[in-house]
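Residue-level structure breakdown
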Amino acid sequence: MAKLKDEGISVGLAVVIVGDDPASRVYVNSKKRACEEIGIYSEEYALKGETTQEELIELVKKLNEKDDINGILVQLPLPRHIDEEAVINAISPEKDVDAFHPVNVGKIMIGNYDFLPCTPAGVMELIAESEIDLAGKECVVVGRSNIVGKPMSMLLLHKNATVTICHSKTKNLPKVIKRADLVVVAVGRPEMVTGDMIKEGAVVIDVGINRLENKKLVGDAHFESCKEKAAAITPVPGGVGPMTIAMLMKNTVKSAKLKAGRK
Ligand code: NDP
């Protein structure tokens with residue numbers, strides 16, 4: 001960051017939260033803390049739950065024009081009366097550091113992109129750091145959300161994996177998971193994938209974050225039983241979550257660099 005400052009490049013992130021969802025508050029606080037830690041200027045807009053879609057879009061448009069803001073993050077989910085797609089579409093693609101805008105989604109599909117969505121990008125970093133060669137590997141992604149499952153599958157495909165995408169209508173999920181060399185679970189069901197479902201030596205990447213009634217945080221994979229068979233497994237908390245935040249920081253810095261005419 002100091003180097004960027006020396007070059008006259010400032011980096012700013014606007015974080016917008018609507019309502020008082022406790023999980024969203026935790027995520028927003030972590031993102032703001034990460035900004036502070038690495039020296040990114042951040043602004044928080046905490047709006048009341050009754051905020052209208054028009055008011056929210058009005059704010060997004062203002063942030064699009066704001067010179068000291070390079071990234072706009074609208075924390076999802078939004079209250080039911082607000083159409084998330086309309087809000088995402090209002091964010092300038094150049095400031096869309098979550099990479100949810102259709103322009104950025106299209107670029108990812110083609111494989112020529114500026115930003116990657118933070119969670120799948122974080123997973124790819126973990127895979128790269130672990131020196132896992134994906135070419136020809138059987139990869140199974142469980143979950144097909146626009147935020148995680150779909151872009152995750154595309155990024156694995158770009159690395160020449162053979163990718164299978166599973167969802168709630170998939171028949172015989174354990175059998176599909178069993179053939180995976182690498183499985184990414186992004187479902188939102190506590191400890192759904194158990195050790196008996198995975199192949200010996202598989203890599204398990206657990207995106208899920210679930211809070212149990214006893215307040216304990218667990219993933220979508222049953223850590224203890226999967227650990228027995230997996231070559232590697234990401235823990236929850238502490239695995240994919242921090243990587244997601246790191247990628248948000250990376251995207252915000254990239255946005256500032258692009259604005260300054262740098263790659
Ligand atoms: P969504 O609810 O948007 O999507 C869940 C997906 O799981 C859907 O595609 C759904 O299928 C599928 N699914 C549901 N039940 C089953 C089942 N029994 N068998 C197979 N597939 C099933 O969730 P997200 O993608 O937004 O998030 C998934 C998890 O990841 C959550 O726990 C979330 O908290 C966590 N998360 C973590 C992040 C991090 O930074 N670590 C970031 C974002 C999310 P269908 O499409 O058919 O309904």
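In this text, all values refer to a predicted model and were calculated from it rather than measured experimentally.

Empty space within the largest pocket amounts to approximately 1300 Å³. Lining the largest pocket are 45 residues, and of these Tyr27, Gln75, Thr119, Val207 and Ile209 lie nearest its centre. Only α2 (22-38), β3 (71-74), α6 (118-129), β8 (210-211) and α10 (240-259) provide two or more residues apiece to the lining of the largest pocket. No other element matches the seven residues that α2 contributes to the lining of the largest pocket. Looking at the lining of the largest pocket residue by residue, the classes come out as 26 nonpolar, twelve polar and seven charged. Split by domain, the lining of the largest pocket shows at least three residues from each of two domains, domain 1 (2-96) and domain 2 (118-240). Looking at the second largest pocket, its volume works out to about 460 Å³. Lining the second largest pocket are 22 residues, and of these Tyr113, Leu116, Ala121, Glu125 and Lys250 sit closest to its centre. Of all elements in the fold, only α6, α7 (149-158) and α10 reach the threshold of two or more residues within the lining of the second largest pocket.

What follows concerns the nonpolar core. If you look at the biggest cluster of nonpolar residues, it comprises 44 residues, and the most contacted ones within it are Leu13, Leu156 and Leu182. Going through the elements one at a time, β1 (12-18), α2, α6, β4 (138-142), α7, β6 (182-185), β7 (203-206) and α10 are the ones with two or more residues in this core. When residues in this core are grouped by element, the largest group, eight residues, is from α10. Domain assignment of the residues forming this core places at least three in each of domain 1 (2-96) and domain 2 (118-240). Setting aside anything within four residues of it in sequence, one finds Leu156 in contact with Met124, Ile127, Leu134, Cys139, Val141, Ala161, Val163, Leu182 and Val184. Core analysis: the next-biggest nonpolar cluster, separate from the first, contains 19 residues, Val18, Val87, Ile91 and Phe100 among them.

This part is about the site of the ligand. Neighbouring the ligand are 21 residues; Arg144, Ser145, Ser168, Arg189 and Thr244 lie closest to it. The backbone of His167 places a nitrogen or oxygen atom 3.4 Å from a nitrogen atom of the ligand. Expressed as a share of its isolated accessible area of 930 Å², the protein-covered part of the ligand is 70%. If you tally residues by element for the shell around the ligand, the top one is α10, at three residues. Residue classes in the shell around the ligand are distributed as nine nonpolar, ten polar and two charged.

Right, let's get into the domain arrangement of the chain. Examined at the domain level, the chain breaks down into domain 1 (2-96) and domain 2 (118-240). Summarising the inter-unit geometry, the C-alpha centres of domain 1 and domain 2 are found 28 Å apart.

The next subject is the packing of α6 against α10. Running from amino to carboxyl end, α6 crosses α10 at an angle of 110°, the nearest separation of the two axes being 7 Å. As summarised for this structure, α6 and α10 are arranged roughly perpendicular, according to the angle between their axes. Contact with α6, carried on its side by Cys118, Thr119, Ala121, Gly122, Val123, Glu125 and Leu126, involves Val240, Met243, Thr244, Met247, Leu248, Lys250 and Asn251 of α10 and no other residues of that element. Among the residues making up the contact of α6 with α10, the classes are represented as eight nonpolar, four polar and two charged.

In this section: unusual backbone geometry. Residue Pro77 is reached from Leu76 by a cis peptide bond, and omega for that bond is 0°. Along the chain, the position of Pro77 falls in the loop between β3 and α4 (84-90). In the segment running from Val236 into Pro237, the intervening peptide bond is cis, with an omega of 0°. Mapped onto the fold, Pro237 is located in the loop between β10 (232-233) and α10. A positive phi angle, near 55°, is found at Glu131, a position not held by glycine. For Glu131, the position within the fold is in the loop between α6 and β4. Exposure remark for Glu131: the relative accessible area of 72% places this residue in the exposed category. Positive phi, close to 50°, is recorded for Asn172, a residue that is not glycine. Structurally, Asn172 is set in the loop between β5 (162-166) and α8 (173-178).

Definitions and cut-offs
The written sequence of each chain sets the order in which its residues are numbered from 1. With the structure being a predicted model, the display of local features is reserved for residues of pLDDT at least 70 and the display and counting of side-chain atom pairs for 80 or more, all residues being used for whole-chain, interface and lining totals. Derived side-chain values reflect all non-hydrogen atoms in the structure, with water molecules and hydrogen atoms excluded from consideration. We place a 1 Å grid over just the protein atoms. Points where a 1.4 Å probe fits but has no way out form a cavity, open points with protein on both sides within 12 Å along at least 5 of 7 lines form a pocket, and any residue with an atom within 4 Å of a point lines it. Grid points are joined across faces, edges and corners, and a volume is the space filled by probe spheres set on the points. Put simply, DSSP H or I for four residues or longer makes a helix, DSSP E for two residues or longer makes a strand, and each gets a number counted from the N terminus. Gly is placed with the polar residues, together with every amino acid not listed as nonpolar (Ala, Val, Leu, Ile, Met, Phe, Trp, Tyr, Cys and Pro) or charged (Asp, Glu, Lys and Arg). Throughout, the edges of the domains are those of an automatic or database domain assignment. Think of a nonpolar core as a cluster: buried Ala, Val, Leu, Ile, Met, Phe, Trp, Tyr and Cys residues, connected wherever their side-chain atoms sit within 4.5 Å. Relative accessibility under 20% of the residue-type maximum defines a buried residue, over 50% an exposed one, and the middle range a partly exposed one, all with a 1.4 Å probe and only protein chains included. The contact criterion used throughout is that any non-hydrogen atoms of two residues lie within 4.5 Å. Near, as used in this document, describes a residue that has one of its heavy atoms within 4 Å of the molecule or strand being considered. Two N or O atoms form a polar contact when they lie within 3.5 Å of each other; inside protein one atom must be a possible hydrogen donor and the other a possible acceptor, and for residues adjacent in sequence the pair counts only when both atoms belong to side chains. Note on areas: Shrake-Rupley with a 1.4 Å probe; residue coverage comes only from the protein chains shown. In this analysis, axes come from line fits to C-alpha atoms, helices being fitted only over the stretch in contact, and the angle between any two N-to-C directions falls in the range 0 to 180 degrees. Angles are sorted into four bins: roughly parallel if under 35 degrees, roughly antiparallel if over 145, roughly perpendicular if 65 to 115, and oblique for all others.

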